[in-house]
Amino acid sequence: NGSVIPLFKKQIRNKEPITITHPGMPRFFMTIKDAVGVILKIAAETNGREIYILKMRALKIMDLAEAIALRLTNKKPNIKIIGMRPGEKLYEMLLTEEEAKRAEDKGNIMVLRQQLLTPHYVSKILRPKKTIRPEEYDSRKATFLSKQEIINLLVSEKII
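Residues numbered from 1 in each chain as written. Predicted model: local features only at pLDDT ≥ 70, side-chain atom pairs only at ≥ 80, totals over all residues. Heavy atoms only, no water.

S.K.: Could you clarify how one ought to interpret the side chain of Glu50 in this entry?
M.R.: Within the fold, Glu50 resides in the loop between α2 (32-45) and β3 (51-54). The exposure class assigned to Glu50 is buried, which follows from its relative accessible area of 13%. Within the local environment of Glu50, its side chain forms a polar contact with the side chain of Thr46, the two groups lying 2.8 Å apart. A polar side-chain atom of Glu50 sits 3.0 Å from the main-chain amide nitrogen of Asn47. (Helix = DSSP H or I, 4+ residues; strand = E, 2+ residues; numbered from the N terminus. Buried < 20%, exposed > 50% of the residue type's maximum accessible area, 1.4 Å probe, protein only. Polar contact = N/O pair within 3.5 Å; in protein donor to acceptor, adjacent residues only side chain to side chain.)

Shown next, in the form of structure tokens:
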């Protein structure tokens, strides 16, 4: 849900310009396979009250549009910048510095343990076994997939 890929494919098929809100907009990206895998993993190990965050790959929206167009038409696309919509964020942050202090690195996911403070129960802050660097989960500072890596991913997942 929320993917721009169907919109980009439709615009390319209809020979319309690909509409992008902001050329420098970075985004995290997950496939359906990624989402299902993390849900199954979480279901098997959750204790309740944790927040699970998938470590996603990052890309630039402009690179995604160009990669899809190159794959489908073998040409550089006609891109139209339409500006950001109200409420739209320029970048994404999956984990803040404060959250990283109590998050645990579990391979392809991070587990954020919640502090529960009630009169009847006070949870302990669990010290993570492996430190998490929150800047890695800020889409402005992430390592981006190249256009060829985007194409390879979209083809391998049968998205394009």
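S.K.: I keep staring at the packing of helix α1 (residues 5-13) against helix α3 (residues 61-73) and nothing clicks. Help me out?
M.R.: Packed helix pairs are specified by the crossing angle of their axes together with the interaxial distance, meaning the distance between the axes. Where α1 meets α3, the axes come as close as 10 Å, and the angle between the chain directions of the two elements is 45°. With respect to α3, the element α1 is oriented oblique. Relative to α3, the crossing made by α1 is right-handed. Each of Ile5, Phe8, Lys9 and Ile12 in α1 lies in contact with α3, whose residues at this interface are Ile61, Leu64, Ala65, Ile68, Ala69, Leu72 and Thr73. Each residue belonging to the contact of α1 with α3 can be placed in one class, and the counts come to nine nonpolar, one polar and one charged. (Axes fitted to C-alpha atoms, helices over the stretch in contact; angles between N-to-C directions. Parallel < 35°, antiparallel > 145°, perpendicular 65-115°, else oblique. Left-handed = near helix turned anticlockwise from the far one by under 90°. Contact = heavy atoms within 4.5 Å. Nonpolar A, V, L, I, M, F, W, Y, C, P; charged D, E, K, R; others polar.)

S.K.: Would you mind showing me how to read the sheet that holds strand β7 (residues 109-112) here?
M.R.: In a beta sheet, neighbouring strands are held together by backbone hydrogen bonds and run either parallel or antiparallel to one another. Spatially, the three strands line up as an open sheet ordered β3-β7-β6, and their pairing is antiparallel. Two strands lie at the open edges of the sheet, namely β3 and β6 (103-105), each paired on one side alone. On average, each strand axis in the sheet is tilted by 25° relative to the strand beside it, whichever way the strands run. Here four bridges tie β3 to β7, and the two strands are oriented antiparallel to one another. Across the sheet, the residue bridging to Tyr52 is Val111, located in β7. On top of the sheet, α2 reaches β3 and β7; it is set at about 150° to β3, its chief contact. (Pairing = 2+ DSSP bridges.)

S.K.: Sorry if this is basic, but what is going on with the pattern of salt bridges here?
M.R.: For side chains of opposite charge, pairing can occur when their charged atoms come near one another. Evaluation of the coordinates by the stated rule reveals eight salt bridges. Here Asp105 ties to Lys55 by a salt bridge, and the two come within 2.6 Å at their closest N and O atoms. Taken together, the residues Asp105 in strand β6 and Lys55 in the loop between β3 and β4 (57-60) connect sequence positions 50 residues apart. For Glu98, the salt bridge goes to Lys101, with nearest N and O atoms at 3.4 Å. Members of the salt-bridge network, linked through shared partners, are Glu66, Lys76 and Lys147. (Salt bridge = Lys/Arg side-chain N within 4 Å of Asp/Glu carboxyl O.)

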